[in-house]
Amino acid sequence: MFRLANPNRFMQWSGTILPWSAIATVLLLGAGLYLALFVAPPDYQQGESVRIMYVHVPSAYMATTVYGLMAAASAVALIWRHPVADIAAREAAPLGAGFTLLCLVTGSLWGKPMWGTWWVWDARLTSVLVLFFLYLGYIALINAFDEPTRGARAGAILALVGVVNLPIIKFSVDWWNTLHQPASIFRLGGPTIAPSMLWPLAIMALGFTLLFVTLWLMRIRSALMAAKLRALRLQQAA
Amino acid sequence: MPPDQTLRTTGDFTGQGLACRRGERLIFRGLDFGLGPGGALVLIGPNGSGKSSLLRLMAGLTPPEAGSLAWNDSDIRQDPGAHRARLHFIGHSDALKPVLSAGESLAFWARMRGTSAPIEPALARFGLADAAGLPCRYLSAGQKRRLALARLVGTPAELWLLDEPLTSLDSDAAAQLLAAIAEHRAQGGRVVLSTHAPIELSAAPRLSLADFRPTPAELLA
Amino acid sequence: MSAFLTLVARDLRLALRQGGDAAMVIAFFVLSVVLFPFAVGPEPELLQRIAAGIVWVTALLAALLSLERLFQADYEDGSLEALALLPLPLEAQVLAKCLAHWLVTGLPLIIVAPLLALLLQLDPAGYPALIAGMVLGTPILSLIGAIGAALSLGARRGGVLLSLLVLPLYIPVLIFGVAAIEAEIQGFGPRPDLLLLAALLVLAVGLVPFAAAAALRLALE
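The model shown is predicted, which means the values in this text are computed figures rather than measured ones. (Residues numbered from 1 in each chain as written. Chains lettered and ligands numbered in written order. Predicted model: local features only at pLDDT ≥ 70, side-chain atom pairs only at ≥ 80, totals over all residues. Heavy atoms only, no water.)

Novice: I'd like to hear about the overall build of chain C, residue by residue, with values.
Specialist: Along its length, chain C carries 9 helices and 0 strands. Helices (α) and strands (β) of chain C occur, in sequence order from the N terminus, as α-α-α-α-α-α-α-α-α. Here the C-alpha radius of gyration of chain C, 18 Å, is about what a compact globule of 221 residues would show, namely 17 Å. Here the C-alpha coordinates of chain C stretch approximately 55 × 35 × 30 Å along the principal axes. Relative to its full complement of 221 residues, chain C shows a buried share of 57%. A fraction of 81% describes how many contacts in chain C between residues 6 or more apart in sequence connect residues 24 or more apart. (Helix = DSSP H or I, 4+ residues; strand = E, 2+ residues; numbered from the N terminus. Rg over C-alpha atoms; globule rule 2.2 N^0.38 Å. Buried < 20%, exposed > 50% of the residue type's maximum accessible area, 1.4 Å probe, protein only. Contact = heavy atoms within 4.5 Å.)

Now the structure itself:
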């Protein structure tokens, strides 16, 4: 019934999972980066700079996946008032924003050798840019209130509104893109992508996922401990 | 009150095991109460003990951290609209717009509750008949308070939840309020109010919020 | 239904008596459009090329200005609390307030937009699509803005926060609104874009009240 009873169970099982997740992250990212940088073949058109794709694509995928997770956690928090779900949503946001920023920066770096400009208004990059602003708005909202629980609840509503809007925004940006037709350099060729490129990509994606899980669990744990600390202080003041 | 606006008084308003959390602080827990037709409850306690919080819980503005509220043995969460329709809640703020007149303000709240009966009798009950045409920004604090309270008699409702209604009222106005409360109770209506000052209300048990303060151990749970 | 209309009427009456809101929004609209010739030069060909975009972006920003006060005044004087306790569901009340907001700020934008497009030498073929797009789009701006306004109630620096929350969500409206004008000028017909706007409007009317009402209840907890 009281708030932190559930979190104790969470602390227990996250404590057992965390070391394994961390080890797996290091292994996967290590293997993925090695494959990406040294083993995978250069692109016949773009040369070595295609290797940025191995960071750019997984981070794009993480950016949207994390937002989806945030929305799911927010839904749980709103419907069942589950205290850990609240915190989970909140702590995922900076990580998602980080992946989004990584995607934007690598996208910019990837474009420079090809087009000589630091930014291309490509459909995907533009969508990710808007996603970045959605993350920033969320983070600003949850920190905008003196009372932390108010911010978390408001953020939950915003996350759900955002997740409904994401497909709409993606569609409208694609629509806009076809009207104005700048060249897209990020075509991966879908199912025709070579297997030698697919493996490093998949491993990097998995590595990124586990990186997120590791960092997420760490952040939730420290948030729970901080909440406990605040309760202790309140108790002392009482 | 006009004869066609009568109260339907059925069953008890009860609360069991209520707990309230504001932000991250547990304010009270394990609170029970029961209110039958014609009943009244006076909430007392120091500032911060949760008098306003309990009233807001009863109104359905805040969901309880634990416990439940029931009207006639059915949980109020099952039909929030019906619960809102049966209560009047007068909080600390007067909910008055400076550019609307006293009469317009009262008429607005009455229309929103679905009655088109004239509001002049309600204004007169609280001595505001002369102020009906005045914009609210010209009313004194006491007049504003009386205007807020006049909503109680503008439309019928079985349950009155009043948060420190006596503040800013002079003795005449306080008497008007107590008379309105007595008439409401005589017709089977119920009242819950919080107060700092002593108040004479017959057959009204006092509920001291301080009795339900959580222990230091519970604060940490 | 009558409670719904009563609320719309009250908000309109408040806007009328307190004045200034619509005028401020229009003044900002006009001023910010006028800035562009100073910024990019007055050559008609260039202005014509970007006219649709300028009018839509500045209309968006002007609409944003008035959103902060959508719920703020009611929240501060206790009216929101009282409104939330009325039998009329809060979702319906959100629609009522958005309707009143659109009548006060959206309609003037629709009327002034073609005049400003004139200043920017918009191709005459684009005017019907501009007006149709504004008619469909400005209600969406009010609705989406209501979510931001409700979420940022009581926040520090609420106005800036509101802009940050709402502007990314406005992007689809902007894209389809401008696309409609461009399509009509180029002879492709604005129907697909206008239909998309209409679809967004229907979606907004259906979903926004729930999100905004949830945010309002949160603010009142």
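Novice: Give a description of the sheet that holds strand β6 (residues 87-90) of chain B that names residues and reports values.
Specialist: Residue and element names in this part refer to chain B. Across the sheet, which stays open at both edges, the 5 strands sit in the order β6-β7-β8-β3-β9 with parallel pairing between neighbours. Every other strand in the sheet has two partners, leaving β6 and β9 (206-208) as the edge strands with one partner each. Strand-to-strand twist of the sheet, defined as the mean angle between neighbouring strand axes without regard to direction, takes the value 15°. The pairing of strand β3 (residues 40-44) with β9 spans 3 bridges and is parallel. Within β9, the position partnered with I44 by the bridge is S208. Across the sheet, helix α6 (residues 171-186) lies against β3, β7 (159-163) and β8 (190-194), angled at about 145° from β8, the strand it touches most. (Pairing = 2+ DSSP bridges. Axes fitted to C-alpha atoms, helices over the stretch in contact; angles between N-to-C directions.)

Novice: Help me get a handle on the interface of chain A and chain C, residues and values and all.
Specialist: Counting residues at the interface gives 28 residues for chain A, matched by 30 residues for chain C. With both chains or domains summed, chain A and chain C bury close to 2400 Å², and 76% of this area falls on carbon and sulfur atoms. With its nearest N and O atoms 2.3 Å apart, the salt bridge here joins D146(A) to R156(C). Taken together, chain A and chain C are joined by 6 residue pairs in polar contact (both at pLDDT 80 or more). Breaking the side of chain A that touches chain C down by element, the ones donating at least two residues are α4 (123-142) and α5 (148-180) of chain A. (Buried area = accessible area lost by both parts, 1.4 Å probe. Salt bridge = Lys/Arg side-chain N within 4 Å of Asp/Glu carboxyl O. Polar contact = N/O pair within 3.5 Å; in protein donor to acceptor, adjacent residues only side chain to side chain.)

Novice: Tell me about the packing of aromatic side chains, and please be specific about residues and values.
Specialist: By the definition in use, this model includes 13 aromatic pairs over all chains. Relative to W71(B), the ring of F13(B) lies with its centre 5.4 Å away and its plane at 45°, an arrangement referred to as tilted. Here F13(B) is found in strand β1 (residues 13-22), whereas its partner W71(B) is found in strand β4 (residues 66-71), with 58 residues between them in sequence. Residue F13(B) is classed as buried on the basis of its relative accessible area of 0%. Since its relative accessible area comes to 4%, W71(B) is described here as buried. The rings of W119(A), W121(A) and W176(A) are connected pair by pair, giving a single aromatic cluster. Lying across the ring of W109(B), R151(B) places its NZ or CZ 5.0 Å from the centre. (Phe/Tyr/Trp six-rings, centres within 6.5 Å; stacked < 30°, edge-to-face > 60°. Lys NZ or Arg CZ within 6 Å of the ring centre and 35° of its normal.)

Novice: Explain the pattern of salt bridges residue by residue, including any values.
Specialist: Under the criterion given, the structure shown has 18 salt bridges over all chains. A salt bridge links R21(B) to E65(B), with the nearest nitrogen and oxygen atoms 3.2 Å apart. Of this pair, R21(B) sits in strand β1 while E65(B) sits in the loop between α1 (51-59) and β4, and the two are 44 residues apart along the sequence. By relative accessible area, R21(B) is classed as buried at 16%. For R10(C), the salt bridge goes to D74(C), with nearest N and O atoms at 2.9 Å. Note that R10(C) is positioned in helix α1 (residues 2-18) and D74(C) in helix α4 (residues 69-76), a separation of 64 residues in sequence. Judged by relative accessible area, which is 3%, D74(C) ranks as buried. Beyond isolated ion pairs, a larger network of salt bridges with shared partners links K97(B), R10(C), D11(C), D74(C), D77(C) and K97(C).

Novice: Could you give an account of the interface of chain C and chain B, with specific residues and numbers?
Specialist: Listed by partner, the interface residues are 24 residues for chain C and 25 residues for chain B. Between chain C and chain B the total buried area reaches about 2300 Å² when both faces are included, carbon and sulfur atoms providing 63% of it. Where chain C touches chain B, the interface holds 4 salt bridges. Notably, a salt bridge pairs E104(B) with R17(C), separated by 2.7 Å at the nearest N-O pair. The tally of links from chain C across to chain B stands at 11 residue pairs in polar contact (both at pLDDT 80 or more). Secondary-structure elements contributing two or more residues to the side of chain C that touches chain B are α1, α4 and α5 (79-84) of chain C. Looking at the side of chain C that touches chain B element by element, the count peaks at 8 residues for α1(C).

Novice: Could you give me a rundown of the confidence of the model for chain C, with the residues and numbers involved?
Specialist: Predicted coordinates in regions of low pLDDT should not be interpreted in detail. With 100% of its residues at a pLDDT of 70 or more, chain C has an overall mean of 93. Predicted complex, confidence summary: ipTM 0.91, pTM 0.90. (pLDDT = per-residue confidence, 0-100.)

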